[in-house]
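What follows is each chain in one-letter form.
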Amino acid sequence: MPIRGLKGGLLNFLSEPDLDAIHFATLEVLGEVGIKMEYRPALEIFSDFGAKVDFTNSIVKIDEQFLNKALSTAPSRFTLYGKNEDFDVKVDPERVYTIGGSSALNVLDLDGKYRPALFDDLIKFTILLDRMKHLHIMHAIVIPSDLEEYGVDRMLFAGTFPYTSRNYYSQSQTGADGVLDQIKMAAVFQGSEEAVRKNPMFTEVVCMVSPLQHEKVNSEVLIEAAKNNIPVYVEVDAMPGGTTPAPIAGTLVEQNANVLAGIVLAQLVNPGTPCIYSIASGLMDMSTGGYAGAAPETNLLHCATAQVAHYYNLPFQGGTGIDAKIPDAQAGYERAMQVLSNALAGTNFIHLSFGMMEMMLSASYEQCVIDNEIMGATFKMLEGVPVNDETLSVDLLRKVGPRSAHFLTFKETSEYVRKNYWVPEITDRNVWSSWKAMGGKSMQQAASEVAKRIIAENDKPFISEDQTKEIMEMARAFHKKAIENFKKNSQK
Amino acid sequence: MSAEEIKKQLFENIINGDFEKTADLAEKATDDNVDPMEAINSCLVPAIELVGEKFGKKEYFLPDLMRSANAMKNALEVFEKEITKKGIERKSAGKVVIGTVKGDIHEIGKSIVSSLLTAKCFDVVDLGVDVDSDTFINKVVSEKADILAMSALLPITMPYQGKVIEDLKVKGLRASVKIMVGGSPVTQEHAERIGADGYADNAVDAVKLAEKLMKNS
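Residues numbered from 1 in each chain as written. Chains lettered and ligands numbered in written order. Predicted model: local features only at pLDDT ≥ 70, side-chain atom pairs only at ≥ 80, totals over all residues. Heavy atoms only, no water.

## Some words on the overall build of chain B
Point 1. Within chain B one finds nine helices and five strands.
Point 2. Helices (α) and strands (β) of chain B occur, in sequence order from the N terminus, as α-α-α-α-β-α-β-α-β-α-β-α-β-α.
Point 3. Here chain B has a C-alpha radius of gyration of 18 Å; the compact-globule value for 217 residues is 17 Å, and the two agree.
Point 4. Taking the principal axes of the C-alpha coordinates as reference, chain B spans close to 55 × 40 × 30 Å.
Point 5. In chain B, buried positions account for 49% of the 217 residues.
Point 6. Long-range contacts, defined as pairs at least 24 residues apart, comprise 74% of the intrachain contacts of chain B with a sequence gap of at least 6. (Helix = DSSP H or I, 4+ residues; strand = E, 2+ residues; numbered from the N terminus. Rg over C-alpha atoms; globule rule 2.2 N^0.38 Å. Buried < 20%, exposed > 50% of the residue type's maximum accessible area, 1.4 Å probe, protein only. Contact = heavy atoms within 4.5 Å.)

## Side note on a negative patch on the surface
Point 1. A cluster of acidic residues, Asp24(B), Glu27(B), Asp31(B) and Asp32(B), forms a negative patch on the protein surface.
Point 2. For Glu27(B), the location among the structural elements is in helix α2 (residues 19–31). (Patch = residues over 30% accessible without salt bridge, like charges linked within 9 Å, V, L, I, M, F, W, Y side chains within 5 Å. Areas by Shrake-Rupley, 256 points an atom, 1.4 Å probe, with all protein chains shown as cover. Salt bridge = Lys/Arg side-chain N within 4 Å of Asp/Glu carboxyl O. Lys, Arg positive; Asp, Glu negative; His and termini not counted. Charge placed at Lys NZ, Arg CZ, Asp CG, Glu CD.)

## Here's the deal with the interface of chain A and chain B
Point 1. With 15 residues of chain A at the contact, the number on the chain B side is 20 residues.
Point 2. For the pairing of chain A and chain B, the buried interface totals around 1,400 Å² over both sides, and the portion due to carbon and sulfur atoms is 57%.
Point 3. The three residues of chain A that bury the most area against chain B are Leu408(A), Thr409(A) and Arg418(A), which together make up 40% of that side's buried surface.
Point 4. Seen at the junction of chain A and chain B, the total is two salt bridges.
Point 5. For Lys411(A), the salt bridge identified is with Asp18(B), shortest N-O distance 2.8 Å.
Point 6. At the surface where chain A touches chain B, the tally comes to six residue pairs in polar contact (both at pLDDT 80 or more). (Buried area = accessible area lost by both parts, 1.4 Å probe. Polar contact = N/O pair within 3.5 Å; in protein donor to acceptor, adjacent residues only side chain to side chain.)

## Here we look at the sheet that holds strand β8 (residues 106–108) of chain A
Residues and elements named next belong to chain A.
Point 1. As summarised here, the arrangement of the four strands in space is β9-β8-β21-β20, forming an open sheet in which the pairing is mixed. Since the sheet does not close on itself, it has two edges, and those belong to β9 (114–116) and β20 (356–357), each with one partner.
Point 2. Looking at chain direction, β8 and strand β21 (residues 362–364) are connected through three bridges and run parallel. In the sheet register, Leu108 faces β21, and the bridge partner there is Ser364. (Pairing = 2+ DSSP bridges.)

## Topic: the pattern of salt bridges
Point 1. Within this structure, the stated rule accounts for 39 salt bridges over all chains.
Point 2. Salt-bridge contacts for Glu457(A) lead to Arg131(A); the nearest nitrogen and oxygen are separated by 2.9 Å. Of this pair, Glu457(A) sits in helix α17 (residues 443–457) while Arg131(A) sits in the loop between α4 (119–130) and β10 (137–139), and the two are 326 residues apart along the sequence.
Point 3. Of the residues examined, Glu457(A) reaches a relative accessible area of 37% and is grouped as partly exposed.
Point 4. Residues Lys169(B) and Glu166(B) are paired through a salt bridge, measuring 3.4 Å at the closest nitrogen-oxygen approach. One end of the pair, Lys169(B), and the other, Glu166(B), are both in helix α7 (residues 158–170), three residues apart, so they sit about a helical turn from each other.
Point 5. Take Lys169(B): its relative accessible area is 43%, and that puts it in the partly exposed class.
Point 6. Within this structure, Asp153(A), Arg154(A), Asp177(A) and Asp181(A) form a network of salt bridges that share partners.

## Observations concerning the confidence of the model for chain B
Point 1. Across chain B, the average pLDDT comes to 92, with 100% of residues at or above 70.
Point 2. Interface predicted TM-score (ipTM) for the complex: 0.80; the corresponding pTM is 0.91. (pLDDT = per-residue confidence, 0-100.)

## Section: the sheet that holds strand β5 (residues 198–199) of chain B
Residues and elements named next belong to chain B.
Point 1. Ordered in space as β2-β1-β3-β4-β5, the five strands form an open sheet in which the pairing is parallel. Across the chains shown, the open sheet's two edge strands, defined by having one partner strand only, are β2 (123–126) and β5.
Point 2. Where strand β3 (residues 147–151) meets strand β4 (residues 178–182), five bridges bridge the pair, whose relative direction is parallel. The residue of β4 that forms the bridge with Met150 is Val181.
Point 3. Strands β1 (95–100), β2 and β3 of the sheet are contacted by helix α5 (residues 108–119), whose axis makes an angle of about 165° with β1.
Point 4. Docked against the sheet, α7 engages β3 and β4, running at close to 150° with respect to β3. (Axes fitted to C-alpha atoms, helices over the stretch in contact; angles between N-to-C directions.)

Written as structure tokens, this is what we have:
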């Protein structure tokens, strides 16, 4: 079934005057405080286009006119390509999609063991997630502990891209070379590097640092991605109270200045580069100093940021991991509040919404299946309440009339139910005795069975064994080369 | 339309729950001298079984199940009339007297069970809602019922299921009939406490229970 984009935007925490105030505060920060950019070519680009650049302190300052002109070329609508058109994601500032988990270091495996993630986990998770019908964009959910970390993005590519039908959300840890290596790997499936540049089946994320800094590698990746027409998630990972001001409004201003400066850079390099205004921000828990992805304040922040991104007509990525350690009641409530609020607020990509637990440190197979269920229920609510002649049902009420009767045997009921009612997959709605008779399973146990079955079935989509192998060999060589370059550079 | 074509359409109409058409099709079949027993066994029963399968797989839902059961029932009535006319002995799966107990006007659950029992070739006498003890007992006697099925949706009407059983005992009729009870607040424990022979917590299981009670009788 093709991916269907439902519209969000029903939930608004900010008023129009609030949004204007955030915009004007952002202009003050961009014009008077500026953004620190460690990558000299980035400073030069801004300078060439007439921005105020302090090369000594690596600070870029831009005014409203500069900002508006650059943003005017950032597209509001574009396509993120899947392996076939059923999996294409049509992006705009209204429709809501999901992105899987990313970069967990540990896994809660299907034997209930908590351990460091392995490369084999990456493939198994990807196979499982690819069968989750409410997942729209695939991430590499773990960073395997059995691989050297520098340049590991090439191996993540080989462990994810061939095993998914979805657009792949990639990253480069080393700079421009990572982007170019990944274009070569995607070309194995897409036919040529030219085809990749035309309809890229992967994207890059760049993470800006709070407060107000663009470090070198990410700027390099952003520029290289833009040059090659690879869509970019320009992300900031604010920690209110830690790396940004404690009030949500102040964090909105910091995020906005930081992300917009990145999007402006992409537009200066290559006008029209698809950019997604992105955050993976999380409140600083003031008891532990940790990252509280599922805090209600984090949810408020993400919902409000959706409005800020949409103020500039940009698609928005929000959402983040949850804080529970196992798929328990905490996991259920945290995930449900997070994804429902984000979906209603119109977060266009609900990021990290499958399997991510423990403040982004671990990934759970079972939680992936449970999150798919929560996402299904969320999308059902996003459909809202359609009111039209058919749904008002006056004809049917007339036909049945005021008498002891029911609507079950009407064709209208049968058709409407089959087309519209959400069918839960692992939610149990039986009474105690039936539930007991069917094994009396907890939701975690039901999810475990689904995950085990899907992984055992091992359906690999679209790509041939030969192509998978070729990409793997390339990834190994690219990874080795990246490590060698790193060693050479650090000896200098 | 050939006899085969009629049977095919009958099958499809049951699958699709088009219950308005099945009586006419059954009439057409009997006009064409289709053997009614054969039609029931080779067409109606496999159709309703396929519907049950789809329901189990969550391709079909309660409205589909009821529409198909009604489609089956409408055709079945025509074929049964024909069978009686021909003087052939047709063994029904069992005779069930069913109703919602006195003080309770909740109908839907009871009607679903009633439809599904009919579709499974039970002979069903549906007394409707708000049925008092005497009406239940008189019908059990006059219809020579194999099973008495009582529904209650309210916790305050649940005990009435027990009252009917007590009344049957007093009249010395308890052993003549199997009793099954159901309804949202009803549990296995309640069924045992009031001395019923069985309980099911959903309509599909209720039919299985009725089949089991018939086997044990």
